[in-house]
Each structure stands twice: as C-alpha cells, then as structure tokens.
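Structural overview
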Amino acid sequence: MRELVVLGTASQVPTRTRNHNGYLLLWDGQGYLFDPGEGTQRQMTHAGVSATQVDRICLTHVHGDHCYGLPGVLSRMALDGVTHPVHVHYPASGEDVVRALVSVASPGLDLRLHPHDEAGEVAPGLDVRPLRHRIETFGYRLVEPDGRTMLPERLAAAGIAGPDVGRLRREGRLGAVRLEDVSVPRRGQRFAFVMDTAPCAGAEELAAGADLLVVESTFADEDADLAREYLHLTAGQAGALGAAAGVRTVLLTHFSSRYADLEPLRRQAQESAGDASVLLAHDLDRVPLPRRRARAAG
C-alpha cells in the first residue's frame, strides 16, 4: 500500500479546521512521518493511524509548525512499546533544536538521529535537496527503483509459468527466453515533499517526474509580495513547479490562515500546472499515489 495520510495543512497559525503540519506516507510497510507540527499525535488518532507505523521522521526545517509535535509523537511511540529503530532526519543546523525536542520526550525508543547538510541520499531510496527559506531547509524525495512488468500473454506463449516466472525475473534469462522478451520497462514511483521555500533549483530537482508532489502553497497569487518577503510559494508558483517538473498530481498544502476558502488557490495552481492534476489537501485526507501509467507492449 502506498498512500499519504494528511494530518495537518496549516502554516504558522492553525485554524478551527486546519491543524499544524503533519503528513504520514505509508510506503510498502514503511511509515515516513514528515514535519510533525503541534497536535500531530492527536491527528494520528483521528486519522486512524498508529504511532507504531512510523519508521522514519523527516523534518524539512526546525520552524515550530514543522517540528513541535516531535516530542509527543516520540512519547506515544514509547508508550505503545515500539521496538523497531526510529530514524529522525533533519538539517544539521537544527541539531540543538532537535536534541532539545528529543530530550523532553519519553525515553525507551531505539532512536537514531541523522543530521544532513548537503544534497544526497540519506536512507535507501530517500534523497534530500536544499530549498530556499529563511533558515536551512531541505525537501525530500522517495524513489522506487525502476523494474519490469511481466506480460502474461508473452509468458504463456513462451511456456513459462509458476516458480519459473520468479526465476526469470531474478536471473534475467531462462533457457532461450530473455526477461525483456516477456516484459516491458516499469518506471519506479516517485514521491516528492517540498515545504517552505521560494522557487529554487532544489525544488525543481525534488519534483522532477514525481507521481505525487506535496508542495506548500502558503499564499495566493495576489499576495506574491508576502511570498517573496517570507520566502514561500504562491499557488501559481506551486502549479508551475508541477508543470515544469512533469508531475502527475500536485497536492497543495501549508495554507496561510488568512484564507478560509482554498478553492481560489487550487484554481490558480491549476491554471499554471499544465497537464498535472491539482488537489487541495484537507486534514485527515488519505491520498493514494496515482496508479501507474499503462505502458504498451511493443
């Protein structure tokens, strides 16, 4: 199963309907918790997800609306008796803040801290790129390795069935039959998480070819001056990022409390998003990764 559980969608100030940030990506039995702001533990209860599902916690930066929920989540994990290692990824410049937050959490976890200060892979399949904000900020990108999709009709024609299919996939050849004879390339799925930032190369690299891009949309286009001042994206800029990067689905979030009606932001983003589909994130939404594109056998 691969889906994003939205735990909160507010930026600096929460509202009656929008909690501070929080996003749990469920990916093949692994749980990636991004930017747990205040109230994340309670939002997880409302969303019907368990703290035991969290394997990695990924902080883009240490502004409070992106990390002040960390002690509560860690304490809940300790209370629930989590025994697996819990990895925390964060910008190295936020070391003092992260250690302060961890220090007030309940003890008992196998907690492993992983600061980073440059672009690159921080865990298997998980990359970071620097963003452009008022403090050091990194976005995240999770990529599944490319593979191949087996074609049943070609397998049948070649007389390959049962355990031999797995053997062919592992070894690349079975007798005279090559893997490429009975399969087509399958691009791995890609997820990107771009929070507080002005337009920058790092955001473009993270978003490139993403099936699902979770991206901040703090301000409407008419408030572009505020976006420039505070180094955030407007809705139109978020949509344009999706278009330039060839994204399939753009999920807007991190909304300023000044906007009660978010539909105008979605429309602004969609106008600049090209072929990408633009969605608004709402607290407690569950957003599946888009289905793979069918690839013709030829």
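Just above, that's the structure.
As the structure is a prediction and not an experimental result, all values here were calculated from the model.

**Topic: the overall build of the protein chain**
On a plain count of helices and strands, the protein chain comes out with 9 helices and 18 strands. By its C-alpha atoms, the protein chain is 65 × 50 × 35 Å across when sized along the principal axes. Put simply, 67% of the contacts in the protein chain that link residues at least 6 apart link residues at least 24 apart. Summing over all exposed atoms, the protein chain offers an accessible surface of approximately 13200 Å²; the carbon and sulfur share of this is 49%. Each charge sign in the protein chain was given a centre, from 32 positive and 38 negative side chains, and these centres are 7 Å apart.

**Remarks on the packing of helix 8 (residues 235–245) against helix 9 (residues 263–272)**
Between helix 8 and helix 9, whose axes approach to 7 Å, the crossing angle comes to 35°. Viewed along their axes, helix 8 and helix 9 form a crossing whose handedness is right-handed. Where helix 8 abuts helix 9, its residues Ala-235, Gly-236, Gly-239, Ala-240 and Ala-243 lie against Leu-265, Gln-268, Ala-269 and Ser-272. The residue inventory of the contact of helix 8 with helix 9, partitioned by class, reads 5 nonpolar, 4 polar and no charged.

**Description of the packing of aromatic side chains**
Two aromatic rings are characterised by how far apart their centres lie and by the angle between their planes. For the structure on display, the rule yields 4 aromatic pairs. Between Tyr-23 and Phe-193, the ring centres sit 5.3 Å apart and the planes meet at 65°, which makes this aromatic pair edge-to-face. Placement of Tyr-23 in strand 2 (residues 22–27) and of Phe-193 in strand 14 (residues 190–194) is noted, with a sequence separation of 170 residues between them. Ring centres of Phe-34 and Tyr-140 lie 5.8 Å apart, and the angle between their planes is 65°; this geometry places the pair in the edge-to-face category. Here the residue Phe-34 occupies a position in strand 3 (residues 30–34), and Tyr-140 occupies one in strand 9 (residues 138–143), the gap between them amounting to 106 residues. What links up through ring pairs into an aromatic cluster is the set Tyr-23, Phe-34, Tyr-140, Phe-191 and Phe-193. For the cation-ring pair, Arg-2 lies above Trp-27, with the distance from its terminal atom to the ring centre recorded as 4.2 Å.

**Observations regarding the nonpolar core**
Burial of nonpolar side chains together is a common tendency in soluble globular proteins. One finds Val-194, Leu-213, Val-215, Val-247, Val-250 and Leu-252 to be the most contacted residues of the largest nonpolar core, which totals 30 residues. Sorting the residues of this core by element identifies strand 14, helix 6 (201–207), strand 15 (212–216), helix 8, strand 16 (249–253), helix 9 and strand 17 (277–280) as the ones contributing at least two each. Ranked by the residues each element gives to this core, the list is headed by helix 8, at 4 residues. Setting aside anything within four residues of it in sequence, one finds Val-194 in contact with Leu-131, Ala-203, Leu-206, Leu-213, Val-214, Val-215 and Glu-216. Counting 26 residues, the second largest nonpolar core, distinct from the first, contains Val-49, Val-54, Leu-74 and Val-88.

**Quick look at the sheet that holds strand 7 (residues 120–123)**
What the 7 strands build is an open sheet, ordered 7-8-9-14-15-16-17; its pairing is mixed. Two strands bound the open sheet, and with one partner strand each, they are strand 7 and strand 17. The sheet shows a mean angle of 25° between the axes of neighbouring strands, direction not considered. Strand direction decides the pairing type here: strand 15 and strand 16, joined by 5 bridges, are parallel. Of the residues in strand 16, the one forming a bridge with Val-215 is Leu-252. Running at roughly 155° to strand 15, helix 8 makes contact with strand 15 and strand 16 of the sheet. Each of strand 16 and strand 17 touches helix 9; the most contacted strand, strand 17, lies at about 165° to it.

**Section: the sheet that holds strand 2**
Overall, mixed pairing links the 7 strands, which are arranged 6-5-4-3-2-1-18 in an open sheet. Lying at the two open borders of the sheet, with one neighbouring strand each, are strand 6 (111–116) and strand 18 (286–288). If you compare each strand with its neighbour and ignore which way they point, the axes differ by 20° on average. Here 6 bridges tie strand 5 (residues 86–91) to strand 6, and the two strands are oriented parallel to one another. For His-89, the partnering residue across the bridge sits in strand 6 and is His-114. The strands touched by helix 1 (residues 40–47) within the sheet are strand 1 (2–8), strand 2, strand 3 and strand 18, with strand 1 carrying the most contacts at an inclination of about 125°. Seen against the sheet, helix 2 (residues 70–79) touches strand 3, strand 4 (56–58), strand 5 and strand 6 and runs at an angle of roughly 175° to strand 4.

**Considerations on the side chain of Ser-75**
Inspection of the secondary structure puts Ser-75 in helix 2. Ignoring sequence-local partners within four residues, the contact set of Ser-75 consists of Ala-105 and Ser-106.

**Notes on the pairing of strand 3**
Among the 5 residues of strand 3, 4 are classified as buried, and the element is accordingly described as predominantly covered. Pairing of strand 2 with strand 3 involves 5 bridges; the strand directions are antiparallel. Bridging from a neighbouring strand, Leu-24 pairs with Leu-33 of strand 3. Taken together, strand 2 and the strand that follows it, strand 3, pair antiparallel across an intervening segment of 2 residues, in which Asp-28 is found at a positive phi of about 50°. Where strand 3 meets strand 4, 3 bridges bridge the pair, whose relative direction is parallel. Counterpart to Leu-33 in the pairing with strand 4 is Ile-57.

About the thresholds
- Residue positions are given per chain, counted from 1 along the sequence in the order it is written.
- In keeping with the model being predicted, local features are shown solely for residues with a pLDDT of at least 70 and side-chain atom pairs are shown and tallied solely at 80 or more, while totals for entire chains, interfaces and linings include all residues.
- By convention in this description, side-chain values take in all heavy atoms of the structure and omit both hydrogens and water.
- Helix and strand assignments follow DSSP, with helices taken as H or I runs no shorter than four residues and strands as E runs no shorter than two, numbered in order from the N terminus.
- We call two residues in contact when some of their heavy atoms are within 4.5 Å.
- The Shrake-Rupley method, run with a 1.4 Å probe sphere, supplies the accessible areas, and residue values consider only the shown protein chains as cover.
- Positive charges are assigned to Lys and Arg, negative charges to Asp and Glu, while His and the chain termini are left out of the count.
- In plain terms, the charge of a residue is placed at NZ if it is Lys, CZ if Arg, CG if Asp and CD if Glu.
- What counts as an axis is a line fitted to C-alpha atoms, over the stretch in contact for a helix, and the angles between N-to-C directions run from 0 to 180 degrees.
- Left-handed describes a crossing whose near helix is turned anticlockwise from the far helix by less than a right angle; the clockwise case is right-handed.
- Polarity classes work like this: nonpolar for Ala, Val, Leu, Ile, Met, Phe, Trp, Tyr, Cys and Pro, charged for Asp, Glu, Lys and Arg, and polar for all others, with Gly in that last group.
- Put simply, two rings from Phe, Tyr or Trp (the six-membered ring, in Trp's case) pair if the centres are within 6.5 Å, and we call them stacked under 30 degrees between planes, edge-to-face over 60, tilted for the rest.
- As a reminder, the over-ring test applies to NZ of lysine and CZ of arginine, requiring each to be within 6 Å of the ring centre and within 35 degrees of the ring normal.
- By convention a nonpolar core is built from buried Ala, Val, Leu, Ile, Met, Phe, Trp, Tyr and Cys residues, the set being connected through side-chain atoms within 4.5 Å.
- Burial status follows relative accessibility: with a 1.4 Å probe on protein chains alone, a residue under 20% of its type maximum counts as buried, one over 50% as exposed, and anything between as partly exposed.
- Should DSSP find at least two bridges between two strands, the strands are regarded as paired.

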